[in-house]
Amino acid sequence: LGRAEHTPAYEVVVVGAGAIGLAIGWRAARRGLRTLVLDASDPMSGATGVAAGMLAPVTEADFGERELTRLNLVSARRWKPFAAELERASGIDVGYRETGTLTVAVDRDEAEALGRLHAYQRELELSAQWLSPRECRHLEPGLAPRVAGGILAPNDHQVSPRSLGRALVAALRSAGGELRTGRPVASVAGSAVELESGERLEAHAVVIAAGAESARLAVPAEARIAVRPVKGQILRLRARPPVQLPARRVVRTPEVYAVPRADGRLVVGATVEERGFDRSVTAGGVLELLRRAYEALPGVAELELVEASAGLRAATPDNGPVVGASGVPGIYWATGHWRNGILLAPLTADAIVGTLCGEEPPRELEPFSPGRFAAGERMAVMR
Ligand code: GLY
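Please read all numbers here as calculations on a predicted model, not as lab measurements.

> I'd love a proper account of the overall build of the chain, names of residues and values included.
Broken down by element type, the chain carries eight helices and 18 strands. Taking 21 Å as the expected radius of gyration for a compact globule of 383 residues, we find that the chain reaches 21 Å, a close match to that expectation. Seen through its principal axes, the chain has C-alpha atoms that stretch 70 × 50 × 40 Å. Sorting the 383 residues of the chain into buried and exposed places 54% on the buried side. For the chain, the share of sequence-separated contacts (at least 6 apart) that also reach a separation of at least 24 residues comes to 75%. Carbon and sulfur atoms make up 49% of the accessible area of the chain, which totals about 16500 Å².

> Account for the sheet that holds strand 5 (residues 129–131), with residues named and values stated.
Spatial ordering of the open sheet is given by 5-6-4-13-14-15-12-16, a layout of eight strands whose pairing is mixed. Edge strands, defined here as strands with exactly one partner in the open sheet, are strand 5 and strand 16 (304–315). Averaged over neighbouring strand pairs, the angle between their axes works out to 20 degrees when direction is ignored. Of the strand pairs in this sheet, strand 13 (residues 250–252) and strand 14 (residues 257–260) are connected by two bridges, and their pairing is antiparallel. Bridge pairing links V251 to A258 in strand 14.

> Break down unusual backbone geometry for me, with residues and values.
Put simply, P241 and P242 share a cis peptide bond, and its omega is 10 degrees. Going from G269 to A270, the amide bond is cis rather than trans, its omega being -20 degrees. Here A270 shows up in the loop between strand 15 (265–269) and helix 6 (283–296). Even without being a glycine, E125 presents a positive backbone phi close to 60 degrees. Phi at N319 takes a positive value of approximately 65 degrees, unusual for a residue other than glycine.

> I'd like a rundown of the site of the ligand, residues and numbers included.
Around the ligand sit M54, E60, Y257, A270, R313 and R339, and that is every residue in its neighbourhood. In this structure, R313 approaches the ligand through a side-chain N or O atom, which is 2.7 Å from an oxygen atom. Here R339 contributes a backbone N or O atom positioned 2.8 Å from a nitrogen atom of the ligand. Out of a free accessible area of 200 Å², the ligand has 86% covered by protein chains.

> Residue-level account of the pairing of strand 11 (residues 200–208), with values.
In terms of residue burial, strand 11 counts as a mostly covered element, since seven of its nine residues are buried. Sheet topology places strand 1 (residues 10–15) next to strand 11; five bridges connect them, and they run parallel. Across the sheet, Y10 pairs through a bridge with A203, a residue of strand 11. In this structure, strand 10 (residues 192–195) lies alongside strand 11, joined through three bridges in antiparallel fashion. By the bridge assignment for strand 11, A192 is matched with E202. Between strand 10 and strand 11, which pair antiparallel and follow one another directly, the connecting turn spans four residues, one of which, G198, has a positive phi of 100 degrees. Bridge count for strand 11 against strand 18 (residues 331–335) is three bridges, and the pairing is parallel. Note on strand 18: the bridge partner recorded for I208 is W333.

> Now, about the environment of P81: what can you tell me, with residues and values included?
For P81, the position within the fold is in helix 2 (residues 66–90). Judged by relative accessible area, P81 falls into the partly exposed class, the value being 48%. On a C-alpha basis, the gap between P81 and M44 in space is 22 Å, while along the polypeptide they are 37 residues apart.

> Please set out the packing of aromatic side chains residue by residue, giving values where relevant.
Going through the model one piece at a time under the given rule, you end up with four aromatic pairs. Consider the rings of F63 and Y120, whose centres lie 4.8 Å apart with planes at 45 degrees: the pair is tilted. A residue pair is termed long-range when its members are at least 10 positions apart, and F63 in the loop between strand 3 (54–55) and helix 2 and Y120 in helix 3 (residues 108–123) qualify at 57 residues. Take F63: its relative accessible area is 45%, and that puts it in the partly exposed class. The class of Y120 is buried, set by a relative accessible area of 5%. With 5.2 Å between their ring centres and 75 degrees between their planes, W79 and F82 make a pair best called edge-to-face. Here the residue W79 and the residue F82 both occupy positions in helix 2, the gap between them amounting to three residues, near one helical turn. Both residues of the pair, W79 and F82, belong to the buried class. One aromatic cluster is present, formed by W26, W79, F82 and Y96 through successive ring pairs.

> An account of the confidence of the model for the chain is requested, with residue identities and associated values reported.
Residues at a pLDDT of 70 or more form 96% of the chain, whose mean pLDDT is 95. Contacts from residues 378–383, a stretch scored under 50 in pLDDT, to residues over four places away or in other chains number zero contacts.

> Go over the pairing of strand 15 with me, naming the residues and quoting the values.
Judged by how many residues are buried, strand 15 sits mostly within the fold: four of five residues are covered. Sheet analysis places strand 12 (residues 228–238) next to strand 15, joined by five bridges and oriented antiparallel. Within strand 15, the position partnered with L235 by the bridge is V268. Sheet analysis places strand 14 next to strand 15, joined by four bridges and oriented antiparallel. Directly across from A258, in strand 15, lies its bridge partner V268. Hairpin connection between strand 14 and strand 15: a loop of four residues separates the two successive antiparallel strands, and G264 in this loop has a positive phi of roughly 90 degrees.

Analysis parameters
Residues numbered from 1 in each chain as written. Predicted model: local features only at pLDDT ≥ 70, side-chain atom pairs only at ≥ 80, totals over all residues. Heavy atoms only, no water. Helix = DSSP H or I, 4+ residues; strand = E, 2+ residues; numbered from the N terminus. Rg over C-alpha atoms; globule rule 2.2 N^0.38 Å. Buried < 20%, exposed > 50% of the residue type's maximum accessible area, 1.4 Å probe, protein only. Contact = heavy atoms within 4.5 Å. Areas by Shrake-Rupley, 256 points an atom, 1.4 Å probe, with all protein chains shown as cover. Pairing = 2+ DSSP bridges. Axes fitted to C-alpha atoms, helices over the stretch in contact; angles between N-to-C directions. Near = heavy atom within 4 Å. Polar contact = N/O pair within 3.5 Å; in protein donor to acceptor, adjacent residues only side chain to side chain. Phe/Tyr/Trp six-rings, centres within 6.5 Å; stacked < 30°, edge-to-face > 60°. pLDDT = per-residue confidence, 0-100.

Dropping the structure here:
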């Protein structure tokens with residue numbers, strides 16, 4: 001931690017009370033740092049409050065993103081102890097379930113695409129097994145008869161992000177950290193945060209973990225990064241007895257995912273839309289999600305539709321997160337987590353807090369430092 005000339009009220013101020021910001025706040029407070037987490041609205045009012053909570057490094061592995069997959073795998077391995085520790089600290093069940101994930105093809109084209117994906121997964125030595133249509137339906141009898149094969153990722157699990165958020169708030173407070181909500185931040189400059197109300201807060205370190213909203217925050221030019229919002233619409237369905245959920249594990253196709261919760265809910269998501277900061281739910285979005293889910297799991301038609309919402313992913317040009325020290329002393333980034341924010345929360349929190357305490361971050365994070373955007377800008381200018 002840098003040292004200001006006088007002692008500021010906080011050692012760490014975290015901007016953003018989503019999964020990432022709260023996890024950083026909890027871990028920092030637990031290490032004895034005077035910590036404040038700020039949010040413009042309520043905790044989890046951004047992407048965390050709508051996210052499905054898939055912990056899916058294998059299922060989300062994409063061509064050309066080996067370094068990101070490596071990072072996702074490291075964080076996935078931390079999830080079980082992280083959830084156990086958080087539950088002990090908060091007394092709240094975070095809904096961590098080791099269900100595995102089955103990705104199925106609903107037609108021949110999708111089967112070919114999944115075949116190519118499986119070959120890539122095998123090249124990376126990921127834990128993924130190709131299943132015949134019969135084997136898929138044996139695992140998940142609720143699948144449509146048209147299913148043409150699939151990939152089982154036995155180690156891709158799930159957590160409930162809303163329960164996670166509640167647990168992190170409780171753990172942050174019981175570790176002595178502070179949470180202030182309804183406090184929009186106007187700007188961050190070095191080791192000071194200026195609120196829209198005019199109040200100025202000083203700290204040794206300011207960590208910006210505001211997800212897509214990070215893109216709208218005023219920061220010094222040398223600290224800037226490239227992040228943008230990408231909208232995802234998502235549905236929550238519920239099985240009322242005697243109706244049962246049509247899937248036991250996470251089931252997805254290349255176009256849609258369905259995440260069954262222990263309490264009889266099914267989360268169905270998500271659209272991927274470049275629409276700036278628009279968070280509206282559209283009839284077309286809901287129609288598309290239900291149509292795609294119904295193609296794989298016809299039983300969704302029997303479920304009650306209880307919620308339709310939209311969130312904003314924080315996306316970057318290379319789909320990787322932005323974690324670490326910025327070009328301005330005192331400002332740190334923890335954003336840009338794209339489709340993997342819940343998955344990467346334990347690793348991001350420990351890396352940021354470790355950095356603040358003078359420790360080396362895990363080497364898998366090296367490609368994801370904020371400096372990569374600054375370097376890109378310089379190269380663009382030189383050309
Ligand atoms: N992780 C799933 C999504 O971003 O929709």
